[in-house]
Every structure is written in C-alpha cells, then in structure tokens.
Amino acid sequence: MVKKIRVTIWNEFVHEKNDAAVKKVYPDGIHNAIAQGLKKEMGFIIQTATLEQPEHGLTEKVLKNTDVLFWWGHMAHGQVDDEIVKRIHQKILDGMGLVVLHSGHFSKIFRRLMGTNCSLTWRVADEREIVWNIAPSHPIAQGIAGSFELPGSEMYGERFDIPEPDQLLFVSWYEGGNVFRSGCTFKRGNGKIFYFSPGHETYPIFYDKTILRILANSARWAYSPIRLSTNDVPNQKTPLAPITKRKPI
Ligand code: ZN
C-alpha cells in the first residue's frame, strides 16, 4: 500500500477576517480552499494550522507528523514566533518538505532558508499572467500544459532576490511587461523546498484546477520517506579500519 502523504497547510488567516474583498473570495480562509482542492486528489492526509492557534498550530507533535508543510502569509510575518521558525527550520533540514506560496516569499522561514532578502517588485493592477512551464519532465509539472493563463493576477516581478534555484520550473509573463521566476525548487539539508508565486488573496487562484494540480504534485515531490537529523551527529572515535601509526616527520 502506498503511504499517504501528511500535508499541513499553514495560513496566517488574517486578511480573510478583516478585509471584505478577501473574505468574499475565501470565506473559510485560503488554507481551507487549498485543503478542499487537495482532498480531491488521492494520497493525502490533510490538516490546517493558523497563526492564532497556540504555537501557531505548529507544535513539535504536528511537525513530527507533517511530511510537507504549505505556507501562506502576507501581513503578519512579524507575528510568527522566532522559536517556532527555528523549529520548522530544523524539521526541514531533517527532511520535511516545504511549499511556500505567493507572499510567503517574505516569511521568516523562507528568508531564513534562502539567506537573502527575497525582495521583489509587485503591482496589483488586475492584469493577465501567463505561466510558462519550462521543465515539463519535472514531477511538479506532470499534467501541466506548456503554458496556462490566469485572467487576473497580481504582478510579481524580477529581480527576485533569491539564491540561484536548484531548478526553475515556471516563468511568468505579465500583461504590463514584467517577468518572474514563478516556480523554483531548492534543497536545504535533507528537505526539499518549492516556491510558487501565483496566489494573491483577492483572486480565486487557489480554486484553479491547474494551480491545485501543481500544488498536489509539489506535495508529492517534496515528500521524503526519511527524516534524518543533521543536527545531532555523534563523533566516530572508533575507525572503520585500523590506522597505522606513522613516524613523526
Ligand atoms: Zn499578493
């Protein structure tokens, strides 16, 4: 039997409660929209977590039982406790997968993992976005056309201040002329990371079938069957083979 992948979808869940325009699009929160979409795919056990929960819903136990963590945040990055960020970071280094969505580029966890500012330029002007699939053989791009269009989107533009990705999967073009590296993979320690930019809170992007397929593929890709701590490695006093005593030079 194929093991089910345990996905935890984290959302700061602030806009949806205090902004009528966002509430209209995501009445139950972006995390629940993504959860509903992923539930239609086989092979996942899905739970959600939000900022307001104790320990932001990301206790040791929750993270221990999470294979892949999804992250959506925008206006409350600063409210995420540094101790929790440290905990998530170690879990990723041990092999937990991470999928960072849209404005999560400025989250504490993503910036910590990247080691750069992760800044970019942006514009909310209700413009077309064409997402180009430039790595069609990659597992995350399975079932995705060569390009697809989002009729209304927020522009995220270069230069995106990230280290060189391990692989660039998607490149976006916007009606206003900008381009963006919209799908990038990274590895940190034993953990796989995918950053995906579509998903502004006033657009119904997380109901889009193509977007949900990419998110499902990314969860499968980021899953690692092995969690191995890179933090607590003992020294090896006893050599594997005898070491010949050498005369001093
Ligand atoms: Zn946005």
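Residues numbered from 1 in each chain as written. Predicted model: local features only at pLDDT ≥ 70, side-chain atom pairs only at ≥ 80, totals over all residues. Heavy atoms only, no water.

Caption draft 1: Structural view of the overall build of the protein. Across its full length, the protein carries seven helices and nine strands. The C-alpha atoms of the protein give a radius of gyration of 20 Å, which matches the 18 Å a tight globule of 249 residues would have. Residues counted as buried form 52% of the 249 residues belonging to the protein. The long-range share in the protein, meaning contacts at least 24 apart out of those at least 6 apart in sequence, stands at 71%. Of the accessible surface of the protein, which amounts to about 12,600 Å², a share of 54% is contributed by carbon and sulfur atoms. (Helix = DSSP H or I, 4+ residues; strand = E, 2+ residues; numbered from the N terminus. Rg over C-alpha atoms; globule rule 2.2 N^0.38 Å. Buried < 20%, exposed > 50% of the residue type's maximum accessible area, 1.4 Å probe, protein only. Contact = heavy atoms within 4.5 Å. Areas by Shrake-Rupley, 256 points an atom, 1.4 Å probe, with all protein chains shown as cover.)

Caption draft 2: Summary view of the pattern of salt bridges. Enumeration over the complete set of coordinates arrives at 13 salt bridges. Its salt-bridge partner being R6, residue D67 comes within 3.0 Å of it at the nearest N-O pair. Here R6 lies in strand 1 (residues 5-11) and D67 lies in the loop between helix 4 (60-64) and strand 3 (68-72), a separation of 61 residues in the sequence. R6 sits in the partly exposed class, given a relative accessible area of 24%. Each of E55, E60, R87 and K91 takes part in a single network of salt bridges with overlapping partners. (Salt bridge = Lys/Arg side-chain N within 4 Å of Asp/Glu carboxyl O.)

Caption draft 3: A look at the coordination of the zinc ion. Ligation of the zinc ion by protein atoms is provided by H102 (NE2), E154 (OE) and H200 (ND1), these donors lying 2.0 to 2.1 Å from the ion. For the zinc ion, the donor residues sit on a single chain with the sequence spacing H-x51-E-x45-H. Of this pair, H102 sits in the loop between strand 4 (97-101) and helix 6 (108-114) while E154 sits in strand 6 (residues 147-157), and the two are 52 residues apart along the sequence. Neither residue differs from the other here; H102 and E154 are each classed as buried. (Donors = N, O, S within 2.8 Å, 3.2 Å for Na, K, Ca; no water.)

Caption draft 4: How the structure looks around the state of the cysteines. As enumerated under the stated definition, the model contains zero disulfides in all. As a non-bridged cysteine, C118 has C184 as the owner of its nearest cysteine sulfur, 10 Å distant. (Disulfide = S-S within 2.5 Å.)

Caption draft 5: Geometry of empty space enclosed by the protein. All told, the structure shown has one cavity of 30 Å³ or more when counted by the stated rule. Roughly 40 Å³ of internal volume is contained in the largest cavity. As for the largest cavity, its lining consists of H102, E129, S153, E154, Y156, Y174, S197, P198, G199, H200 and I205. Broken down by element, the residue count for the lining of the largest cavity peaks at three residues, all from strand 6. Each residue belonging to the lining of the largest cavity can be placed in one class, and the counts come to four nonpolar, five polar and two charged. (1 Å grid on protein atoms, 1.4 Å probe; cavity = no way out; pocket = protein on both sides within 12 Å on 5 of 7 lines; lining within 4 Å. Points joined across faces, edges and corners; volume = space filled by probe spheres on them. Nonpolar A, V, L, I, M, F, W, Y, C, P; charged D, E, K, R; others polar.)

Caption draft 6: Region of interest: the packing of helix 3 (residues 30-39) against helix 7 (residues 209-222). As a packed pair, helix 3 and helix 7 sit with axes 10 Å apart at the nearest point and diverge in direction by 80 degrees. As the angle between them shows, helix 3 and helix 7 are arranged roughly perpendicular. Touching I34, G37 and L38 of helix 3 are L212, L215 and A216, all from helix 7. Classifying every residue of the contact of helix 3 with helix 7 by side-chain character gives five nonpolar, one polar and no charged. (Axes fitted to C-alpha atoms, helices over the stretch in contact; angles between N-to-C directions. Parallel < 35°, antiparallel > 145°, perpendicular 65-115°, else oblique.)

Caption draft 7: Inspection of the UniProt feature "domain: ThuA-like" (unreviewed entry) in the protein at higher detail. Those residues carrying the UniProt feature "domain: ThuA-like" (unreviewed entry) are residues 6-222 in this numbering. Helix makes up 27% of residues 6-222 and strand 33%. Its end C-alpha atoms lie 11 Å apart. (UniProt positions renumbered as here; feature names shortened; annotations may be inferred.)

Caption draft 8: Structural view of the nonpolar core. Counting residues in hydrophobic clusters, the biggest one holds 39 residues, and the most contacted among them are F70 and F170. Residues contacting F70, with those up to four places away along its chain left out, are V7, T8, I9, W10, L38, V99, L101, L215, S218 and A219. If you look at the next biggest cluster of nonpolar residues, it comprises 34 residues, including L51, I84, I109 and Y174. (Core = buried A, V, L, I, M, F, W, Y, C linked by side-chain atoms within 4.5 Å.)

Caption draft 9: Spotlight on the sheet that holds strand 7 (residues 167-174). Sheet architecture is open: nine strands sit in the order 2-1-3-4-9-8-7-5-6, paired in mixed fashion. Taken across any chain shown, the strands that pair with only one partner, and hence form the sheet edges, are strand 2 (44-50) and strand 6. This sheet shows a mean twist of 25 degrees between the axes of neighbouring strands, independent of strand direction. As paired strands, strand 5 (residues 121-133) and strand 7 are joined by five bridges and run antiparallel to one another. Within strand 7, the position partnered with I130 by the bridge is W173. (Pairing = 2+ DSSP bridges.)

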